[in-house]
Amino acid sequence: MFLLDRLKLRWKLLLMIMPLVLLPMVMATLLIGYVAIKQIYQEVDEANRADLAHMSVFTIDLLDNYHRQREIFEIELQEERRRKLSDLVQFASRLVESHYRRAAEGDLTEEQARKFAYKSLKMAETGDFGYLYVMNSQGDLIVHVDREGENVIESRDENGRRFIDEICTKAVGSNSKETLFITYPWQNAGSGPAREKEVAYSYFKPWDWIIAAGSYVGEETVVPLMESDAFKDLRLRITGKATNRSGMIYVTDCDGNMVLHSEESRKTVRQLFDPEGLKTLESVCRQEKKSAWLSYHPQSDSSREARKLARLNYFSPWDWVVVVEMGEKELVGPAKTITGRILATMAFMIIVVGALAVMLAFLAAKTFTDPILSMTSAMRRVKSGRLEERLPVST
């Protein structure tokens, strides 16, 4: 207060004006800067999430295209398998029919014709694909590799279905030369888990013979899903797609095993996700939600700088989850750069505008105080005895 009293009027006036000018200006600048920085972080976050979501959808589309191609391939295999089984049945039926005609023409007795047909079927070469057998409508095996003479009408598949009875019933009611098909799960003793078996069959009514050819589904030379060249190419297209320096795309199954990953040694997602991440993965796998956002600390590095933002998308055909992730530190990098520029601009504006405000305030104070200082100076001179002192008056 003592120092304030010793200041001249001009400086007192200047000190009164400056806070009224500078404080609102600084507060307005800080408020605008705060809103701008907050908006920038929000927009950068939205843009980053949009990029992650886009890459996730792109990866899902790649998987879906591969899945569709695989389905088409399997359908073609099924059609090829059915064609081969049908050809076997038709071949066997023609053999039987030829011997039947010879008996009808009197060249053979019916008993001889049946014996010749039996021998022909036993000697028929089927190669590595499938096998032939013959039974009557009561389920008695007439031609078979090792069960001839047995009645199998009560046979059931792994689901309890009486498939032989079903074959017999449908065969008897079918048209001549019509080839029918049936698929059922079957487990041979000591041969491991049950496998799907497909059987083609046709009914030869004159002798009450059901001529059948069977083959296990998958006995064709099929490259396993993850060993095909197409899948290897898919792996490169997915894991090789860049996100940023610390980002990556990978695929895990719902047991936590890595299906597609750039690092072949990484076998399980449990080596990567924290408990919250594993919980989110389980939620997506249970299809509580088809996709989810996850912010997590990798198990190998819990530092704040290592935190990741990930997008999880569920791929239902194979029960897989696509994960697209980036490091949060790098995600906010552009926002930090822009924030630095905004802060520098704000500081520059405060300095420049503040200096200009000081100059204007000084000029205003000078304009107001100069007449007062002139008058007080003249009054001092009059007081000292110089009565001739005059002050100019201007309006």
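Visitor: Teacher, can you tell me more about the overall build of the chain here?
Guide: Broken down by element type, the chain carries eight helices and 10 strands. Within the chain, the proportion of its 395 residues that are buried is 37%. Within the chain, contacts between residues separated by at least 24 positions form 56% of all contacts whose residues are at least 6 apart in sequence. Within the structure as shown, the chain displays about 23900 Å² of accessible surface, and the carbon and sulfur contribution to it stands at 57%.

Visitor: Explain the side chain of Thr59 to me, please; I cannot follow it from the model alone.
Guide: Considering the arrangement of structural elements, one finds Thr59 in helix H2 (residues 9-104). Within the local environment of Thr59, its side chain forms a polar contact with the backbone oxygen of Met55, the two atoms lying 2.8 Å apart. Sequence-distant contacts of Thr59, that is, excluding residues within four places in its chain, are made with Ile238, Ile249 and Val322.

Visitor: Help me understand the sheet that holds strand E9 (residues 308-315) in this model?
Guide: The strands making up a sheet associate through hydrogen bonds between their backbones, and the pairing can be parallel or antiparallel. An order of E7-E6-E10-E9-E8 is seen for the five strands of this open sheet, with the pairing classed as antiparallel. Looking along the sheet, the strands with just one partner apiece sit at the ends: strand E7 (258-260) and strand E8 (291-296). On average, each strand axis in the sheet is tilted by 30° relative to the strand beside it, whichever way the strands run. Here strand E6 (residues 248-253) runs beside E7; their pairing, made up of two bridges, is antiparallel. Note on E7: the bridge partner recorded for Thr252 is Met258. Each of E6, E7 and strand E10 (320-327) is contacted by helix H5 (residues 229-239), which is oriented at about 95° to E7, the strand it contacts most. Against the sheet, helix H6 (residues 275-285) engages E6, E8, E9 and E10, with an angle of about 175° to E8.

Visitor: What am I meant to see in the layout of surface pockets here?
Guide: The gaps of empty space that remain are located by a probe, the size of a water molecule, rolled over the atoms. Approximately 360 Å³ is the volume found for the largest pocket. In this structure, the largest pocket is lined by 16 residues; those nearest its centre are Tyr131, His144, Arg147, Trp186 and Lys197. Listed by contribution, the elements that provide at least two residues to the lining of the largest pocket are strand E1 (131-136), helix H4 (163-172) and strand E3 (180-186). With three residues, the single largest contributor to the lining of the largest pocket is E1. Across the lining of the largest pocket, the residue classes tally to 10 nonpolar, three polar and three charged.

Visitor: How do you make sense of the side chain of Thr179 when you look at a structure like this?
Guide: You can see Thr179 is positioned in the loop between H4 and E3. A polar contact is formed between the side chain of Thr179 and the side chain of Gln90, at a distance of 2.6 Å. Apart from the residues lying within four places of it in its own chain, the contact partners of Thr179 are Ser86, Gln90, Ala200 and Tyr201.

Visitor: Would you take a moment to explain the pattern of salt bridges for this structure?
Guide: Opposite charge on two side chains allows them to pair when their charged atoms are near. If you walk through the whole model with that rule in mind, you get 16 salt bridges. Between Glu111 and Lys115 there is a salt bridge; the shortest N-O distance is 3.7 Å. Note that Glu111 and Lys115 are positioned in helix H3 (residues 110-123) at a spacing of four residues, about one turn of the helix. Accessibility expressed as a relative area gives 55% for Glu111, which makes it exposed.

Visitor: Teacher, can you tell me more about the packing of aromatic side chains here?
Guide: Ring pairs (aromatic) are described by centroid distance and by the angle formed between their planes. By the definition in use, this model includes 12 aromatic pairs. Seen from their ring centres, Tyr66 and Trp318 are 5.9 Å apart, and the 70° between their planes marks the pair as edge-to-face. Placement of the pair is Tyr66 in helix H2 and Trp318 in the loop between E9 and E10, with a sequence separation of 252 residues. Taking the relative accessible area as the measure of exposure, Tyr66 reaches 7% and is therefore buried. For Trp318, a relative accessible area of 18% gives the class buried. Chaining the aromatic ring pairs together yields one cluster made of Tyr66, Phe315, Trp318 and Trp320. Over the aromatic face of Trp293 sits the side chain of Arg49, whose NZ or CZ is 4.8 Å from the ring centroid. Geometry around Phe181 places Arg82 over its ring, the cationic atom sitting 4.6 Å from the centre.

Cut-offs applied
- Residues numbered from 1 in each chain as written.
- Predicted model: local features only at pLDDT ≥ 70, side-chain atom pairs only at ≥ 80, totals over all residues.
- Heavy atoms only, no water.
- Helix = DSSP H or I, 4+ residues; strand = E, 2+ residues; numbered from the N terminus.
- Buried < 20%, exposed > 50% of the residue type's maximum accessible area, 1.4 Å probe, protein only.
- Contact = heavy atoms within 4.5 Å.
- Areas by Shrake-Rupley, 256 points an atom, 1.4 Å probe, with all protein chains shown as cover.
- Polar contact = N/O pair within 3.5 Å; in protein donor to acceptor, adjacent residues only side chain to side chain.
- Pairing = 2+ DSSP bridges.
- Axes fitted to C-alpha atoms, helices over the stretch in contact; angles between N-to-C directions.
- 1 Å grid on protein atoms, 1.4 Å probe; cavity = no way out; pocket = protein on both sides within 12 Å on 5 of 7 lines; lining within 4 Å.
- Points joined across faces, edges and corners; volume = space filled by probe spheres on them.
- Nonpolar A, V, L, I, M, F, W, Y, C, P; charged D, E, K, R; others polar.
- Salt bridge = Lys/Arg side-chain N within 4 Å of Asp/Glu carboxyl O.
- Phe/Tyr/Trp six-rings, centres within 6.5 Å; stacked < 30°, edge-to-face > 60°.
- Lys NZ or Arg CZ within 6 Å of the ring centre and 35° of its normal.

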